[in-house]
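# Structural description and commentary
For reference, the chains in residue letters:
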Amino acid sequence: MTSSELIQIAAGLIGSLCFGILFNMRGKRLIAAAVGGLLSWGLFVVLSHIIFNEPINYFIVAAVISLYSEIMARILKTPAAPVVTTSLIPLIPGGSLYYTMASAFEGSFNTFLEKAVSTLKLAGALALGIIVITATSQLLFRHVKQK
Amino acid sequence: MEKLLDSIMDIGEQMLINGAEVHKVEDSIKRMFSAYGTKRTDVFIITSSIVVTIHTDDKAYTQTRRITETTTDYEKVHRLNELSRSICKNKYSDKEIRNQLAEIAKSKKYPLWFEFICYAIISGAFTLFFGGGIIEAAVSFIIGALVRFVILLCDKTVKNKIFSKFVSAFIATSLAYITLRLSIISAVDKVIIGNIMTLIPGIGLTTALKDLLVGDSIAGLLRTIEACITALAIAAGYFAVAFLTGGII
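Everything numeric in this text was worked out from a predicted model, so none of it was measured.

The next subject is the overall build of chain B. Each helix and strand in chain B was counted, giving ten helices and three strands. In sequence order, chain B lays out its α and β elements as α-α-β-β-β-α-α-α-α-α-α-α-α. By principal-axis analysis of the C-alpha atoms, chain B measures approximately 75 × 35 × 30 Å. The buried share of chain B, reckoned over its 249 residues, is 46%. Of the contacts formed within chain B by residues at least 6 apart in sequence, a portion of 64% connects residues at least 24 apart.

Now the structure itself:
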């Protein structure tokens, strides 16, 4: 792991922690979200040395973090969604969005299209990863309750 | 029954206002009413409205709630969720629910100055995250706190989220551009990205896509459009500066 990767992981942890505070999370739930932030980017860094496809890594990380959040939600007796959204803050493609805007301004249509598609791919992979876990758990629990 | 409907609607309303997901609120309302033994409960929720009809043996009652402003307060969501669970177990009277709701309304919040610091830290941290240096992070830190101040001003005056995002993005980008021209920083993109991270509707978009795929199509579409417009507002703020200065690099 390079030093810039370590900085990223630390920044991810701090980012999730501060967003958790902005969302008025407290106590154990805030800690769970901050640890989630650490895990999410830590896992991404590890994966990026093995699989060289960013969207796929995003998908895997989102799925793992959703699973983590579902487990934490059961333990802490709280909804899972706040933990997922706060843990995945480091994966929000802010940089990608910025470069999309910048290329749109520069007027090179091909670069813009390329950047826009890659931003959408990341956002889509993130959402799909969450959905795979939460939707299955939701549908599963809804089904069980209706019996 | 009518009073009970009223107080349970209030729980649902508060959940939605404080950032709970649509299907979660729908589910909670249904469960609470079935605990009280209503024959049938029809719940229709989108991000801006709740409609509930409960059927008892001889009558049907309907109420609606219009939701205009939403925030994200997960402490309240957590406590409302706890309340709804214990209602299913203990079947409180409507008065008791009122008292509990009043208690939740008073739940603690972090002080405002702490939010300023959080905005600053988030901006600084993500500038480092995307490869900026220490000086860029420090500049971003200060701009982050100023962005929170701009949002505060917008909240007090125009009360329009889209507009406030546009102004925030505009201010953040122009301040970053000024520090670049003063040769304080060398990588303006890292500073802007750090500040964009506090404005971006990333969470909105993921929840939106999730709503769509779980089957809450209308709520999902509304949220998607909201997220897209917010992203456009941020882009507009950036473009405004870019046009005025003839390009930011």
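Moving on to the packing of helix α1 (residues 2–17) of chain B against helix α4 (residues 94–105) of chain B. Residue and element names in this part refer to chain B. Axis separation between α1 and α4 bottoms out at 9 Å; the angle between their running directions is 25°. Considering the angle they form, α1 stands roughly parallel to α4. In the crossing of α1 with α4, the sense of the turn from one axis to the other is left-handed. Packed against α1, whose contacting residues are Lys-3, Leu-4, Ser-7, Asp-10 and Ile-11, the element α4 presents Asp-94, Ile-97, Arg-98 and Leu-101 at the interface. Of the residues that constitute the contact of α1 with α4, the class distribution is four nonpolar, one polar and four charged.

Glancing now at the pairing of strand β3 (residues 60–66) of chain B. All names here are of chain B. The buried fraction of β3 is low, at zero of seven residues. Taken together, the seven bridges between strand β2 (residues 49–55) and β3 define a ladder with antiparallel strand orientation. Among the inter-strand pairings, Ile-54 is bridged to a residue of β3, identified as Tyr-61. In this structure, the hairpin formed by β2 and β3 is closed by a connection of four residues.

Time to look at the nonpolar core. Formed by 114 residues in total, the largest nonpolar core has its most connected members in A:Cys18, A:Ala62, A:Leu126, B:Ile122, B:Ala176, B:Ile196 and B:Ile234. The residues that make up this core include at least three from each of domain 1 (2–105) and domain 2 (112–245) of chain B. With residues near it in sequence (within four places) discarded, A:Leu126 still touches A:Tyr58, A:Ala62, A:Leu88, A:Leu91 and B:Thr206.

With that out of the way, let us pick up the interface of chain B and chain A. In this complex, chain B contributes 42 residues to the contact, which on the side of chain A involves 36 residues. Elements supplying a minimum of two residues to the side of chain B that touches chain A: α3 (74–90), α5 (112–129), α8 (188–199), α9 (202–214) and α10 (217–245) of chain B. With nine residues, the top contributor of residues to the side of chain B that touches chain A is α5(B). Across the side of chain B that touches chain A, the residue classes break down as 27 nonpolar, seven polar and eight charged.

What follows deals with the packing of α3(B) against α4(B). Residue and element names in this part refer to chain B. Two elements in contact, α3 and α4, have axes separated by 10 Å at closest approach and are oriented at 165°. With respect to α4, the axis of α3 lies roughly antiparallel. Classified by chirality, the crossing of α4 by α3 is right-handed. Taking contact as the criterion, the partners of Lys-76, Arg-79, Leu-80, Leu-83 and Ile-87 in α3 are, on α4, Ile-97, Gln-100 and Ile-104.

Residues and elements named next belong to chain B. Domains assigned within chain B are domain 1 (2–105) and domain 2 (112–245). A separation of 33 Å is found between the C-alpha centroids of domain 1 and domain 2. The interface of domain 1 with domain 2 comprises six residues on the first partner and eight residues on the second. Elements supplying a minimum of two residues to the side of domain 1 that touches domain 2: α2 (22–35) and β1 (40–46). Of the residues that constitute the side of domain 1 that touches domain 2, the class distribution is three nonpolar, two polar and one charged.

Turning our eyes to something else, we now look at the environment of B:Ser49. Residue and element names in this part refer to chain B. Here Ser-49 lies in strand β2. The class for Ser-49 is partly exposed, based on 13 C-beta atoms found within 10 Å. Residues Ser-49 and Lys-76 lie 27 residues apart in sequence; the distance between their C-alpha atoms is 19 Å. Those residues in contact with Ser-49 that sit more than four places away from it in its chain are Thr-64, Arg-65, Arg-66 and Ile-67.

Residues and elements named next belong to chain B. Taken together, three strands build an open sheet; the order of strands is β1-β2-β3 and the sheet is antiparallel. Of all strands in the sheet, those bounded by a partner on one side alone are β1 and β3. Sheet twist, expressed as the mean angle between neighbouring strand axes with direction ignored, is 5°. Against the sheet, α2 contacts β1 and β2, and its axis sits at roughly 160° relative to β1.

At A:Asn24, a residue that is not glycine, the phi angle is positive and equals roughly 60°. Judged by local crowding, A:Asn24 falls into the buried class, with 23 C-beta atoms found within 10 Å. At B:Lys91, a residue that is not glycine, the phi angle is positive and equals roughly 45°. Position of B:Lys91 among the secondary structure elements: in the loop between α3 and α4.

This brings us to the confidence of the model for chain B. Mean pLDDT for chain B: 88, with 99% of residues reaching 70 or above. Reported confidences for the modelled complex are a pTM of 0.88 and an ipTM of 0.89.

Calculation rules
Residues numbered from 1 in each chain as written. Chains lettered and ligands numbered in written order. Predicted model: local features only at pLDDT ≥ 70, side-chain atom pairs only at ≥ 80, totals over all residues. Helix = DSSP H or I, 4+ residues; strand = E, 2+ residues; numbered from the N terminus. Buried ≥ 20, exposed ≤ 12 C-beta atoms within 10 Å, placed from the backbone. Contact = placed C-beta atoms within 7 Å. Axes fitted to C-alpha atoms, helices over the stretch in contact; angles between N-to-C directions. Parallel < 35°, antiparallel > 145°, perpendicular 65-115°, else oblique. Left-handed = near helix turned anticlockwise from the far one by under 90°. Nonpolar A, V, L, I, M, F, W, Y, C, P; charged D, E, K, R; others polar. Pairing = 2+ DSSP bridges. Core = buried A, V, L, I, M, F, W, Y, C linked by C-beta atoms within 7 Å. Domains from an automatic or database assignment. pLDDT = per-residue confidence, 0-100.

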